[in-house]
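Now for the letters of each chain:
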Amino acid sequence: MNKVLKKALGFAGALGLTAAMVLAAAPVQASDVDARIQVLERELAQLKQNQESALAAEMKGPAFKYSAGKGLTIAAADNNWSITFGQRLQIYSSMYLTNDDPGGGFQNGVIRVRRFRPNINVTSQQGFYEVKWTFSGNSSVAFDGDAYLHFEKLNPFLPTVGYGYNPSFNGNKNQGYGRTEDSAFINALAMGGSQDGSVVLNWGKLPAMGISKIKHLAIAMGLDEQDEYGRGPGHGTDGRSMAFGLGIQPLAKAKTMGGFNVSSLTYNFAYESMNDLSEGPGSVYGPTTQERISIVNGGKVLGDHTYMFHNLSWSPLKWFGLAAHVASYEADAESGAADDIEASEVRLAAVIWLWGPKSGMMGGSKKEGGIYVSPMYSVTEIDSNGQEGTNSGVAVVYNVPGGWMQIHGVWDSLGCEHAGCTVATADDGDNSANVFTLIAEYRF
């Protein structure tokens, strides 16, 4: 009996212990189930809220926004697409300040529309796809069309890829200060901010490395200076272009011993190689004259061409900036053609802000508005024919607050000391011309 009783008691004890463990685990399992149910309920509520927000955004009409100087934008409520309408208008009036006729069809004091360029910019997929149309006045192509894929939105190491009639290219970063055109030399070569009929890769958001950052990196491949995609008269039919642009800027906000800011110091480099083209410096003009008075004429040559550009710009103070660039050009004539061409330009410029509506004396900016003065000097040499053209002058610029309009008063003194210069000859026998130009530039 004792053995049987012991077995019975042992079995009963094990059964009781098991029951106690089950009863103890039951609340824990119930609590875990309740927590999971609460999580699922929260997720369901969030999904319902997201669905309602998406439906509300879909039902809501597009938003209209106008920003002076940046145009009118119509955008979807969820920013999935947008359309921006813009406009750039330049009005010139130049006055020749001597008794001589500058020639070249120059009309003294006539008001002339220099540029009238409506533009349309369309984006989709939160800006990943972008298409631009700009009215250029070209007789064969009313609107220049360019398309872009913004891969940098996926990863900052990826570029923006552009292609079209005139895609943007970060090549020259010319600090002209007070002049709406590029310098005489650069403008003649059209090495500004575009590549005609090319594929362009632009990096503008690369992460900083070391003590400096790459402000922009650009590569272009295709055709440049080729009217109607390489079928323009006077051009080679097989011409190709390879261009490269780079901008470097210090990362740290370091200052010199005098307390000047160094972080604004920027170096820009551009290089382009073109083959089998009939190109050259051609007529190098004054950069702001209404009818573009010719200073020197470098002619054209059929062959290979290379161009190189170096620029330094620095704003040590908020109201003061300096810029300098050196550009060089070479053309290797093909056998039996004209002689080789070599040309170069040096340009120095500065900007001094005199007044701003908020900051007062020695203040102002394009966004704030205000007045600045900009002296400039440039010299262009064409070694192939021994010509040298100079341009020195000063610009006074009023900036309307918001940056949507500028009014320029520019005085230019154009000169050439060598035989064969095309600038008008003054009464004293010097090859020189003085021109005063009023410019109004408006952006819708």
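It should be emphasised that the depicted structure is a prediction, and the values quoted were computed from it without experimental measurement.

## Notes on the overall build of the protein
A tally of regular secondary structure across the protein gives three helices and 21 strands. Put simply, the protein has 444 residues, and 39% of those count as buried. Of the contacts made within the protein by residues no fewer than 6 positions apart, 59% connect residues no fewer than 24 positions apart. Carbon and sulfur atoms provide 60% of the accessible area of the protein, an area that totals close to 23700 Å².

## Digging into the packing of aromatic side chains
Tallying each qualifying case throughout the model produces eight aromatic pairs. Judged by centre distance (5.1 Å) and plane angle (50°), the ring pair of Tyr66 and Phe444 falls under tilted. Of the two residues, Tyr66 is situated in strand 1 (residues 63-67) and Phe444 in the segment after strand 21 (431-443); the sequence distance between them amounts to 378 residues. Tyr66 sits in the partly exposed class, given a relative accessible area of 44%. On the basis of relative accessibility, which here comes to 29%, the residue Phe444 falls in the partly exposed class. Between Phe128 and Phe151, the aromatic rings sit 5.3 Å apart at their centres with planes inclined by 90°, giving edge-to-face as the arrangement. One end of the pair, Phe128, is in the loop between strand 4 (111-124) and strand 5 (129-135); the other, Phe151, is in the loop between strand 6 (143-150) and strand 7 (160-164), and 23 residues separate them in sequence. Classification of Phe151 as partly exposed rests on a relative accessible area of 27%. The structure contains a cluster of three or more aromatic residues connected by ring pairs, namely Phe128, Tyr129 and Phe151.

## A short note on the side chain of Arg88
Relative to the elements of secondary structure, Arg88 occurs in strand 3 (residues 81-96). Within the structure, Arg88 has its side chain in polar contact with the side chain of Glu441 (distance 3.1 Å).

## Quick look at the confidence of the model for the protein
Looking at the protein, pLDDT values average 77 and 68% of them are 70 or higher. Across the protein, strand 2 (residues 71-75) holds the top mean pLDDT of 95, while helix 3 (residues 227-230) sits lowest at 38. The low-confidence segment residues 226-237 (pLDDT under 50) makes 25 contacts with residues lying over four places distant or belonging to another chain.

## With respect to a negative patch on the surface
A cluster of like negative charges, contributed by Asp304, Glu330, Asp332, Asp339, Asp340, Glu342, Glu381 and Asp383, occupies part of the molecular surface. With respect to the secondary-structure elements, Asp340 resides in the loop between strand 15 (320-333) and strand 16 (341-356). Taking the relative accessible area as the measure of exposure, Asp340 reaches 43% and is therefore partly exposed.

## Concerning a nonpolar patch on the surface
Side chains of Leu354, Trp355, Met361, Met362, Tyr398 and Ile407 sit close together on the surface and give an oily, nonpolar patch of about 560 Å² of accessible area. Turning to its location among the elements, Met362 is positioned in the loop between strand 17 (360-361) and strand 18 (370-382). Classification of Met362 by relative accessible area gives partly exposed; the value is 36%.

## A few points about the pairing of strand 4
Both strand 3 and strand 4 contribute to a ladder of 13 bridges, which runs antiparallel. For Arg88, the partnering residue across the bridge sits in strand 4 and is Arg117. Judged from the six bridges that link them, strand 4 and strand 5 form a sheet pairing that is antiparallel. Bridge assignment links Val122 to a residue of strand 5, and that residue is Val131.

## As for unusual backbone geometry
Despite not being glycine, Asn79 shows a phi value in the positive range, around 60°. Residue position: Asn79 is located in the loop between strand 2 and strand 3. The backbone phi angle of Gln126 is positive, close to 55°, even though this residue is not glycine. Relative to the assigned elements, Gln126 resides in the loop between strand 4 and strand 5.

## Points about the nonpolar core
Residues Ile295, Val296, Val301, Tyr329, Ala331, Ile341, Ala343, Ile382, Leu414 and Cys416 constitute the largest nonpolar core, which totals 10 residues. Of all elements in the fold, only strand 13 (294-297), strand 15, strand 16 and strand 20 (405-416) reach the threshold of two or more residues within this core. In terms of nonpolar packing, the next biggest core, distinct from the first, is built from eight residues, Tyr92, Val351, Val397 and Val410 among them.

## Section: a positive patch on the surface
A grouping of Lys65, Lys70, Lys358 and Lys367 is seen on the molecular surface, where their side chains present a positively charged patch. Mapped onto the secondary structure, Lys65 falls in strand 1.

## Here we look at the pattern of salt bridges
All told, the structure shown has two salt bridges when counted by the stated rule. Here Arg88 ties to Glu441 by a salt bridge, and the two come within 3.1 Å at their closest N and O atoms. Of this pair, Arg88 sits in strand 3 while Glu441 sits in strand 21; the two residues are 353 residues apart in sequence, bridging distant segments of the chain. This pair shows no difference in class: Arg88 is buried, exactly as Glu441 is. A cluster of three or more residues bridged by salt bridges with shared partners is formed by Arg88, Glu441 and Arg443.

## As for the pairing of strand 3
Relative to strand 3, strand 2 runs antiparallel, the two being bridged by four bridges. Paired with Leu72 across the bridge in strand 3 is Phe85. Here strand 2 folds back onto strand 3 in antiparallel fashion, the turn holding five residues, of which Asn79 has a positive phi close to 60°. Summarising the sheet, strand 3 and strand 21 pair through nine bridges and their orientation is antiparallel.

Conventions used here
Counting of residues starts from 1 at the beginning of each chain's written sequence and follows it residue by residue. In keeping with the predicted nature of the model, local features appear solely for residues at pLDDT of at least 70, side-chain atom pairs appear and are counted solely at 80 or more, and the whole-chain, interface and lining totals rest on all residues. Note that the side-chain values use all heavy atoms of the structure and ignore hydrogens as well as water. Runs of E in the DSSP output that reach at least two residues are strands. Runs of H or I that reach at least four are helices, and both are numbered from the N terminus. Whether a residue is buried, partly exposed or exposed follows from its accessible area with a 1.4 Å probe, protein chains only, as a fraction of its type maximum: under 20%, in between, or over 50%, in that order. By the convention used here, residues are in contact when the closest approach between their heavy atoms is within 4.5 Å. For the area figures, the Shrake-Rupley method with a 1.4 Å probe applies, and any residue is considered shielded solely by the protein chains shown. A pair of aromatic rings is counted whenever rings of Phe, Tyr or Trp (Trp by its six-membered ring) have centres within 6.5 Å, and the orientation is called stacked for planes under 30 degrees apart, edge-to-face for over 60 and tilted otherwise. Whenever a nitrogen or oxygen atom comes within 3.5 Å of another N or O atom, the pair is scored as a polar contact, on the condition that within protein one atom can donate a hydrogen and the other can accept it, and that pairs from neighbouring residues in sequence are kept only if both atoms are in side chains. pLDDT measures how confident the predictor is about each residue, on a scale from 0 to 100. To count toward a patch, a residue needs a relative accessible area over 30% and no salt bridge; like charges are then connected within 9 Å, while nonpolar side chains (Val, Leu, Ile, Met, Phe, Trp, Tyr) are connected within 5 Å. The term salt bridge refers to a pairing of a side-chain nitrogen on Lys or Arg with a carboxyl oxygen on Asp or Glu at a separation within 4 Å. We treat Lys and Arg as the positive residues and Asp and Glu as the negative residues; His and chain ends play no part in the count. To locate a charge, take atom NZ for lysine, CZ for arginine, CG for aspartate or CD for glutamate. If DSSP finds at least two bridges between two strands, the strands pair. Buried residues of nine kinds, namely Ala, Val, Leu, Ile, Met, Phe, Trp, Tyr and Cys, make up a nonpolar core once their side-chain atoms join them within 4.5 Å.

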